[in-house]
Amino acid sequence: MQDYAKEMVANRRWLHQHPEEGWTEFETTYFVVSKLREWGLKVLLGTKVINPEAVMGRNEETVKAAIKRALSHGVPQSFIDECEGYTGAVAVLETGRPGPVTALRFDMDCLAIEETDSPEHAPNRLGFHSLYPGFSHACGHDGHTAVGLGVAHWAADHRDELCGVLKLCFQPAEEGVRGGAAMAASGVLDDVDWFAGAHIGCSAHLRQVGVSHHGYLATTKFDLYLTGVPSAAGSPENGKSALMCACATAMSLGSLPGHSQGITRVQIGKLVSGTARNIVAEHAYMQLEVRGETTEINDYMARNVETTVKGLAQAYGVQYELKRMGEAVTYQGDEEACQILLEEARQVPGVESVVDMNAKVGSEDCTMLIRRVQEHGGKAAFFYFGCDHHGHHRGDFEIQDEVSLPIGWGVFTRFVQRINARKA
């Protein structure tokens, strides 16, 4: 155990220094895959684990820049070619003995958040601060990936004690719920009998494990592009203002009716428009999202967005393009899987508290993988392994990796042993 713990901490700190946002995680994927192959695991990449038709929120120019940086940092061109332009990987351990197919999921991407320079911040104090300005692992995905590698190394070392098949999913682009749907749509999970995912922190405190039976809000993320007709401000009749249409749209979306059957959310997070004070604005760009307590409620909100955008674009005489940039559904765990997590978490060294923890806010695209598994009769569950933090998605987010990571690793490995232990 101690060797795995030290390795996980070292891996987490390397990953923390090299944060990459969704769909650009080429250095991260290479780091992960190099270790998986070193341990003798089969690895699937590219379109074997990502369905391009289900990809959302991926910018081709950003991806090209990330590939260029990865190559400059020593990632081989042959590996980039294997990726086929898509990040993410699935490790497969085939024991050769009959048994269940079990899958675990670990997300890899960072956030576009500048890391604090406070000397009290652990990465600054201990020398593993983000090397990439404007980007940081401010949600703990570096810890998730490190735990996944720890589980992979353990599984490779103990394959003779296991039966069936183990799949370890290193998923890109969780932030903005952009990557889960594409990995699910690849079909890589279509033979899975048991599935577990997890998140560090959230409401779980250090040395605490929370098992989720249900929760999360379904969500749809949109980007809206409006194109009007420019003109001089002195001749407004010759123009069509994308800016005024965007403002009216923002106000209308902000007052969309909710739903009597559950929680709803609407958020307009960004609006960019205009050229100068004396020019009717030709272009406007908005980033927005809706959420719902159930997938059906979220779909109701998304339809209202589409109807409102279309109607106001017609009213203002502008052209529009509304793109879906991310998607997640609500979560309903399978009680048998949840009970296994609860029972096994209580046996993990360092755990002081095991509780039920059902999130009613936030969204998580692991739900897309869970839904795919459940659609063909597989059982799935989600849990949290705690840390003490100042809040997710902040520049001063940090985890206590020497304590937290072994606990997450312990729950995952005990889950695998419970299901895939070799029969005598």
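Rules used throughout
Every chain is numbered independently, its residues counted from 1 as its sequence is written. The predicted origin of the model limits local features to residues at a pLDDT of at least 70 and limits the giving and counting of side-chain atom pairs to 80 or more, whereas totals for whole chains, interfaces and linings rest on all residues. The side-chain figures draw on all heavy atoms in the structure; neither hydrogens nor water molecules are used. Think of it this way: any DSSP run of H or I at least four residues long counts as a helix, any run of E at least two long counts as a strand, and we number them from the N terminus. We compute the radius of gyration over the C-alpha atoms and compare it with the globule rule, which gives 2.2 Å times the number of residues raised to the power 0.38. Exposed residues in this analysis have more than 50% of their type's maximum accessible area, buried residues have under 20%, and partly exposed residues fall in between, with area computed by a 1.4 Å probe over protein chains only. We call two residues contacting when some pair of their heavy atoms lies within 4.5 Å. Accessibility throughout is a Shrake-Rupley quantity obtained with a 1.4 Å probe, and a residue counts as covered only by protein chains that appear here. In this charge count, Lys and Arg are treated as positive and Asp and Glu as negative; neither His nor the chain ends contribute. Charge coordinates come from a single atom per side chain, which is NZ of Lys, CZ of Arg, CG of Asp or CD of Glu. Pairs of N or O atoms within 3.5 Å make up the polar contacts considered here, provided that, within protein, one atom can donate a hydrogen while the other can accept it, and that residues adjacent in sequence are counted only when both atoms are side-chain atoms. Pairing between strands is defined by DSSP: at least two bridges between them are needed. Axes, fitted as lines to C-alpha atoms, cover a helix only where it is in contact. Angles between the N-to-C directions of the axes lie from 0 to 180 degrees. Think of a nonpolar core as a cluster: buried Ala, Val, Leu, Ile, Met, Phe, Trp, Tyr and Cys residues, connected wherever their side-chain atoms sit within 4.5 Å. Note that the term roughly parallel is reserved for angles under 35 degrees, roughly antiparallel for angles over 145, roughly perpendicular for angles of 65 to 115, and oblique for everything else. Crossing handedness follows the turn of the near helix against the far one: under a right angle anticlockwise gives a left-handed crossing, and clockwise gives a right-handed one. Throughout, the ten residues Ala, Val, Leu, Ile, Met, Phe, Trp, Tyr, Cys and Pro are labelled nonpolar, Asp, Glu, Lys and Arg are labelled charged, and all others, Gly among them, are labelled polar. For this analysis, a salt bridge means a side-chain nitrogen from Lys or Arg found within 4 Å of a carboxyl oxygen belonging to Asp or Glu.

J.: What should I look at first to understand the overall build of the chain in this one?
T.: On a plain count of helices and strands, the chain comes out with 12 helices and 14 strands. Taken over C-alpha atoms, the radius of gyration comes to 23 Å for the chain, in line with the 22 Å a tight globule of 424 residues would show. Each of the three principal axes of the chain carries a C-alpha extent, and together these read 85 × 50 × 40 Å. Looking at the 424 residues of the chain, the share that counts as buried comes to 56%. A fraction of 84% describes how many contacts in the chain between residues 6 or more apart in sequence connect residues 24 or more apart. Total accessible area on the chain stands at roughly 17,200 Å², and carbon and sulfur atoms take up 48% of it. Across the chain, the 38 positively charged side chains and the 54 negatively charged ones have centroids separated by 2 Å.

J.: What is the right way to read the side chain of E344 from this model?
T.: The topology assignment puts E344 in helix α10 (residues 335–345). The class for E344 is buried, based on a relative accessible area of 9%. Separated by 2.7 Å, the side chains of E344 and R418 make a polar contact. Not counting residues within four places of it along the chain, the set of residues in contact with E344 comprises R414 and R418.

J.: Even after reading the chapter, I still don't get the pairing of strand β5 (residues 194–200), so can you show me in this structure?
T.: For a regular strand, side-chain orientation follows a simple rule: the groups alternate between the two sheet faces. β5 sits mainly inside the fold: seven of its seven residues count as buried. By the alternation rule, side chains of β5 split into W194, A196, A198 and I200 and F195, G197 and H199, which are all buried. Across four bridges, strand β3 (residues 101–107) lies against β5 in parallel orientation. Directly across from T102, in β5, lies its bridge partner W194. Relative to strand β14 (residues 379–385), β5 runs parallel, the two being bridged by seven bridges. Considered in β14, the bridge of F195 is made with A380.

J.: Looking at this structure, how should I read the sheet that holds strand β11 (residues 319–328)?
T.: Within a sheet, adjacent strands bond to each other through the backbone by hydrogen bonds, running parallel or antiparallel. An order of β9-β10-β8-β11 is seen for the four strands of this open sheet, with the pairing classed as antiparallel. The sheet is open, and its two borders are formed by β9 (264–273) and β11, each paired with just one other strand. When the angles between neighbouring strand axes are averaged without regard to direction, this sheet yields 15°. Of the pairings in the sheet, the one linking β9 to strand β10 (residues 283–292) comprises nine bridges and is antiparallel in character. Each bridged residue has a counterpart across the sheet, and for Q267 the counterpart in β10 is E289.

J.: What is the right way to look at the nonpolar core in this model?
T.: Most often, soluble globular proteins keep nonpolar side chains buried together rather than apart. Residues L36, L104 and F195 are the most contacted members of the largest nonpolar core, which totals 102 residues. Leaving out residues up to four positions away in the same chain, L36 has contacts with L41, V43, A91, L149, A152 and F170.

J.: What should I look at first to understand the sheet that holds strand β4 (residues 165–171) in this one?
T.: As summarised here, the arrangement of the eight strands in space is β1-β2-β4-β3-β5-β14-β6-β13, forming an open sheet in which the pairing is mixed. For this open sheet the edge positions go to β1 (42–45) and β13 (353–356), each flanked by a neighbour on one side alone. Across this sheet, the average inter-strand angle for adjacent strands is 20°, counted without regard to direction.

J.: What am I meant to see in the packing of helix α8 (residues 242–254) against helix α9 (residues 295–316) here?
T.: Pairs of packed helices are described in terms of their axes, by the angle between the two and the distance that separates them. The geometry of α8 relative to α9 is characterised by a closest axis approach of 10 Å and an angle of 150° between their N-to-C directions. Classified by the interaxial angle, the pair formed by α8 and α9 is roughly antiparallel. Two packed elements cross with a definite hand, and for α8 against α9 that hand is right-handed. Where α8 abuts α9, its residues M244, C245, A248, T249, S252 and L253 lie against V305, T308, V309, L312, A313 and Y316. Here the residues of the contact of α8 with α9 are counted per class, giving nine nonpolar, three polar and no charged.

J.: What am I meant to see in the pattern of salt bridges here?
T.: Should their charged atoms come close, side chains of opposite charge can pair. Applying the stated rule across the entire model yields 22 salt bridges. In this structure, R58 engages E60 in a salt bridge whose closest nitrogen and oxygen atoms are separated by 2.8 Å. Overall, the relative accessible area of 39% leaves E60 in the partly exposed class. Measuring nitrogen to oxygen at the nearest pair gives 2.8 Å for the salt bridge that ties D190 to R372. Of this pair, D190 sits in the loop between α7 (180–185) and β5 while R372 is found in helix α11 (residues 366–375), placing the two residues 182 residues apart along the sequence. By relative accessible area, D190 is classed as partly exposed at 37%. Among the charged side chains, a network of salt bridges with common partners joins R12, R13, D142 and D401.

Keep in mind that these numbers describe shape and distance, not what the molecule does.
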